[in-house]
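Residue strings, one per chain:
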Amino acid sequence: MIQEKLTILRENNVINDSVYDYAQEVLKFMKAQNIISNEDEADTFITHLAMATARQYTEETINSVDQMINEQIKADQKYDEALNYWNKIAELAPVSFRENEAEYFHLHLVTLLNH
């Protein structure tokens, strides 16, 4: 499912080849780190990652995560682990992410690590 979504996004020029390749690299990383056991578990994360990466090229911005939710994420026992993984994923990126985008990835990763 996620592969089909990424292909459609690329074919319709929503994401470029660099973003597509980055999403593939992150999927491999997530499987290698046992964050996910199959690609479709990361469907929401990877779709968001692809769109957020594309937004960094256009400088389109999004709102930050709600402050109360952000506090809950930071208080979660998996937060430090999620942050560590996010830093490695962000290092692979063809662009730098703004902090408000990163907050959503922290949320996604905490959720994935708790399942």
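Residues numbered from 1 in each chain as written. Predicted model: local features only at pLDDT ≥ 70, side-chain atom pairs only at ≥ 80, totals over all residues. Heavy atoms only, no water.

### Things to note about the nonpolar core
Burial of nonpolar side chains together is a common tendency in soluble globular proteins. With 36 residues, the main nonpolar core has Met 30, Phe 45, Ile 46 and Leu 109 as its most contacted residues. Of all the secondary-structure elements, those providing two or more residues to this core are helix 1 (2-11), helix 2 (17-32), helix 3 (43-58), helix 5 (79-92) and helix 6 (99-113). When residues in this core are grouped by element, the largest group, 8 residues, is from helix 2. (Core = buried A, V, L, I, M, F, W, Y, C linked by side-chain atoms within 4.5 Å. Buried < 20%, exposed > 50% of the residue type's maximum accessible area, 1.4 Å probe, protein only. Helix = DSSP H or I, 4+ residues; strand = E, 2+ residues; numbered from the N terminus.)

### Side note on helix 3
With 16 residues, helix 3 ought to run about 22 Å at 1.5 Å a step, and its terminal C-alpha atoms sit 23 Å apart, in line with that. Those residues of helix 3 not exposed but buried are Asp 43, Phe 45, Ile 46, His 48, Leu 49, Ala 50, Ala 52, Thr 53, Ala 54, Arg 55 and Gln 56. Buried residues along helix 3 sit against helix 1, helix 2, helix 5 and helix 6. Phi for Glu 59, located one or two positions after helix 3, is positive at around 65°. (Expected span 1.5 Å × (residues − 1). Contact = heavy atoms within 4.5 Å.)

### Describing the environment of Phe 97
Looking at the secondary structure, you find Phe 97 in the loop between helix 5 and helix 6. The class for Phe 97 is buried, based on a relative accessible area of 15%. Note: C-alpha distance between Phe 97 and Gln 33 (64 residues apart in sequence) is 22 Å. Residues within four places of Phe 97 in sequence aside, it is in contact with Tyr 22, Leu 49, Ala 52, Thr 53, Gln 56, Trp 86 and Phe 105.

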